[in-house]
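Examining the three-dimensional arrangement
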Amino acid sequence: MKRIFSSLTQGFCQRIFALGLMLLISLSSSFFFVQQPGYAAISPANQLTPENKVDRAYEYGEAAGFEEQKREDAYEKAIKDSESPQTLEKAYERNLKAEKVQEPNILEKAEELIQNVTGK
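Let me sum up the structure you'll find in this document. (Residues numbered from 1 in each chain as written. Predicted model: local features only at pLDDT ≥ 70, side-chain atom pairs only at ≥ 80, totals over all residues. Heavy atoms only, no water.)

Right, let's talk about the overall build of the protein for a bit. For the protein, the count of helices and strands is 5 helices and 0 strands. Listing every helix and strand of the protein by position from the N terminus yields α-α-α-α-α. Taken as a whole, the protein presents about 11,600 Å² of accessible surface, with 62% of it coming from carbon and sulfur. (Helix = DSSP H or I, 4+ residues; strand = E, 2+ residues; numbered from the N terminus. Areas by Shrake-Rupley, 256 points an atom, 1.4 Å probe, with all protein chains shown as cover.)

You can see Glu67 is positioned in helix α3 (residues 62-81). Separated by 13 residues in the primary sequence, Glu67 and Val54 have C-alpha atoms spaced 8.8 Å apart.

Time to look at the pattern of salt bridges. As enumerated under the stated definition, the model contains 3 salt bridges in all. Notably, a salt bridge pairs Lys70 with Glu67, separated by 3.6 Å at the nearest N-O pair. On the criterion of helical spacing, the pair formed by Lys70 and Glu67 is a turn pair, its members being 3 residues apart in helix α3. Asp81 is the partner of Arg94 in a salt bridge, and the nearest nitrogen-oxygen pair spans 2.5 Å. (Salt bridge = Lys/Arg side-chain N within 4 Å of Asp/Glu carboxyl O.)

For helix α1 (residues 2-31), with 30 residues, the first-to-last C-alpha span of 43 Å sits near the 44 Å given by 1.5 Å per residue. Within α1, only 0 of the 30 residues are buried, leaving the element largely exposed. (Expected span 1.5 Å × (residues − 1). Buried < 20%, exposed > 50% of the residue type's maximum accessible area, 1.4 Å probe, protein only.)

Written out as structure tokens, the structure reads:
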């Protein structure tokens, strides 16, 4: 009788222990709050002006400042080009011309070299 009573007691203690652990885990997970993303930098009061962005880039390095300045100039030029359909078309033609002016790639150079060597 003692064995049965001790095994029942031991089983009961194990179940209470398991339930206690599950309760502890479920309660502890309710204390972990998911961190929401910070929107403080996006608010209009904290947004950087283009001049501030360029100045900040120069603080990191001169090359970063030049790149930021170039990016800002290209952005302003794109805004100016998009004001009317005529300027938009001119910008498109200018971009096409810039693509054609680019240096030929290695395959094109190799084809020209082969044509020069073979005489075809």
